[in-house]
Amino acid sequence: MLINFFHGLRDAGVPVTTRELLDLLEGMKRRVVFGSMDEFYYFSRTCMVKDEKYFDRFDQAFGLHFKDLEALDDVIEALIPDDWLRSEFLKNLSEEEKEKIESLGGLEKLIEEFKKRLEEQEKRHEGGNKWIGTGGTSPFGQEGYNPEGVRVGPNGRNKKAVKVWDKRDFKNLDDSVELGTRNIKVAMRRLRKFARTGAADELDLDDTITSTARNAGLLDIKMVPERHNAVKVLLFFDVGGSMDPHVKVCEELFSAARTEFKHMEYFYFHNFLYENVWKNNVRRHNERTSLLDVLHKYSHDYKVVFVGDASMSPYEILQPGGSVEHWNEESGEVWMRRLQEVYDKVVWINPVPEEEWQYTQSVAITHKLLEGKMYPLTLKGLEEGMGYLSK
């Protein structure tokens, strides 16, 4: 069973190795957990998963694997496979729990009655005190109450066997899902280069201790400038048109970037880069900034990040006059190459799912212009993009 579970995790994209499987088997041998599916879930996740971004994939694989135990005989076999395990199961019960089971005629009687009612029942049942269902006091069912009972199905009200893996609590941590405020900052921190500049207003504890020791024990305080992220970032956001559905995630990305980077400047464009950009969308037609001025003002050590869906007509990139808002004397391709001549590291973050890029010709053109440095707006994509910029 555990071998199939191991392969199921691999199929789900969880990077497990034989070492993790052996750890799980050793734990089971030493009875680290026993008689509880919830405890087995937590223990197996601890053994098999080393990065929280795979928690959701683990939950899905766990649910899929153990969901196959649908036949009653399979469930009984999995929980109480033979006589010796039944004896071990009873050893783990308190005297009070044993008395409750005996009140229904013992464990064998409880299982036999469960099978019988399952065969007799022809439809879903809710409430009551006999049939297998929900919300009642039958010994068998879900979301009801009977202290001597067997629960069937997920999410018991008495919190004794909640299927944690069905809740998908870790969905937002998966590196294949779209970003949210919760994890954007974590991804952006990949792009860091710390430096100390400015006034010396922070205590250097290590140097203070060393200097004091060298000074025969007389206190010699040493100060250093504050340590900060010295990376410089230029952000260009595509606004309007097909980007409207992505406004929320772009706002979150912008907010996270402003928090993470002390040296950051931003500009807006529409569809593709041309001779002008702007900072105020309301006054975009009256207050524009020449792209040449941007290239001259911000030094070559800035990292450049474009955020846009790159979805437009190909002539908007390749032809003079291609812009849908004004007459551009030179093509967007020419302006993009000029920018690349000034800045060594340029990436394009695309909010459109990567599997859909192949259906839009302009995305392929942009991808080629950026020499393949286009990344999806997911946790994994943003981490890869920041990783490239930080090299």
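Residues numbered from 1 in each chain as written. Predicted model: local features only at pLDDT ≥ 70, side-chain atom pairs only at ≥ 80, totals over all residues. Heavy atoms only, no water.

**Some thoughts on the packing of helix α3 (residues 37-48) against helix α4 (residues 55-67)**
The relative placement of two packed helices is expressed as an angle between their axes plus a distance between the axes.
Phase 1 of the analysis: Relative to each other, α3 and α4 sit at 135°, their axes nearing to 11 Å. Relative to α4, the element α3 lies oblique. Relative to α4, the crossing made by α3 is right-handed. Contacts between α3 and α4 involve M37, F40, Y41, S44, R45 and M48 on the former and, on the latter, F55, F58, D59, F62 and F66.
Phase 2 of the analysis: Looking at side-chain class alone, the contact of α3 with α4 contains eight nonpolar, one polar and two charged residues. (Axes fitted to C-alpha atoms, helices over the stretch in contact; angles between N-to-C directions. Helix = DSSP H or I, 4+ residues; strand = E, 2+ residues; numbered from the N terminus. Parallel < 35°, antiparallel > 145°, perpendicular 65-115°, else oblique. Left-handed = near helix turned anticlockwise from the far one by under 90°. Contact = heavy atoms within 4.5 Å. Nonpolar A, V, L, I, M, F, W, Y, C, P; charged D, E, K, R; others polar.)

**Let's talk about the confidence of the model for the protein**
Phase 1 of the analysis: The share of residues in the protein with pLDDT of 70 or more is 65%, and the mean pLDDT across the chain is 76.
Phase 2 of the analysis: Contacts for the low-pLDDT stretch residues 123-162, under 50 throughout, to residues beyond four places or in other chains number 86 contacts. (pLDDT = per-residue confidence, 0-100.)

**Side note on the packing of aromatic side chains**
Phase 1 of the analysis: On inspection of all chains with the given rule, the structure shows 20 aromatic pairs.
Phase 2 of the analysis: Between F58 and F62 the ring centres are 5.8 Å apart and the planes differ by 40°, which places this aromatic pair in the tilted class. With F58 and F62 both in helix α4 and four residues apart, this pair spans about one turn of that helix.
Phase 3 of the analysis: Overall, F58 belongs to the buried group, its relative accessible area being 0%. (Phe/Tyr/Trp six-rings, centres within 6.5 Å; stacked < 30°, edge-to-face > 60°. Buried < 20%, exposed > 50% of the residue type's maximum accessible area, 1.4 Å probe, protein only.)

**With respect to helix α11 (residues 247-260)**
Phase 1 of the analysis: Here α11 is 14 residues long and its end C-alpha atoms lie 20 Å apart, about the 20 Å a rise of 1.5 Å per residue gives.
Phase 2 of the analysis: Of all the positions in α11, only V249, C250, E252, L253, F254, A256, A257 and E260 are classed as buried. (Expected span 1.5 Å × (residues − 1).)

**Let's talk about helix α15 (residues 361-369)**
Phase 1 of the analysis: Of all the positions in α15, only S362, V363, I365, T366 and L369 are classed as buried. Seen from one end, α15 has its buried residues packed into an arc of 160°, which puts them on one side. Exposed residues lying more than 90 degrees from the buried face of α15 are Q361 and K368.
Phase 2 of the analysis: Those residues of α15 hidden inside the fold are in contact with α13 (315-318), α14 (332-342), β11 (346-350) and β12 (374-376). (Arc of directions from axis to C-beta.)

**Things to note about the environment of V324**
Phase 1 of the analysis: Locating V324 in the fold gives a position in the loop between α13 and α14.
Phase 2 of the analysis: In this structure, the C-alpha to C-alpha distance between V324 and N271, residues 53 residues apart in sequence, is 8.7 Å.
Phase 3 of the analysis: Those residues in contact with V324 that sit more than four places away from it in its chain are H270, N271 and E316.

**Considering the sheet that holds strand β10 (residues 303-307)**
Phase 1 of the analysis: Taken in spatial order, the five strands make up an open sheet running β7-β6-β10-β11-β12, and their pairing is parallel. Two strands in the sheet have a free side with no partner beyond their single neighbour: β7 (263-269) and β12. The average undirected angle you get between the axes of adjacent strands in this sheet is 25°.
Phase 2 of the analysis: As paired strands, β11 and β12 are joined by three bridges and run parallel to one another. Within the sheet, the bridge partner assigned to I349 lies in β12 and is Y375. (Pairing = 2+ DSSP bridges.)

**Considerations on the packing of helix α1 (residues 2-11) against α4**
Phase 1 of the analysis: For the pair α1 and α4, interaxial distance at closest approach is 9 Å and the crossing angle is 140°. By the angle between their axes, α1 is oblique relative to α4. Viewed along their axes, α1 and α4 form a crossing whose handedness is right-handed. When α1 is examined against α4, the residues N4, F5, G8 and L9 are found in contact with a partner set consisting of F58, A61, F62, H65 and F66.
Phase 2 of the analysis: Its residues assigned to classes, the contact of α1 with α4 shows six nonpolar, three polar and no charged.

**With respect to the pairing of β10**
Phase 1 of the analysis: Summarising burial for β10: five of the five residues are buried, a large majority.
Phase 2 of the analysis: The pairing of strand β6 (residues 232-238) with β10 spans five bridges and is parallel. Considered in β10, the bridge of L235 is made with V305.
Phase 3 of the analysis: By the bridge criterion, four bridges tie β10 to β11 in an arrangement that is parallel.

**Points about the pairing of β6**
Phase 1 of the analysis: Counting buried positions along β6 gives six out of seven residues, so the element sits mostly inside the fold.
Phase 2 of the analysis: Summarising the sheet, β6 and β7 pair through seven bridges and their orientation is parallel. Its bridge partner being in β7, V233 is matched across the sheet by M264.
Phase 3 of the analysis: After leaving β6, the chain enters α11 and then returns to the sheet as β7, a path that is right-handed. (Right-handed = clockwise from strand over helix to strand, strands pointing away.)

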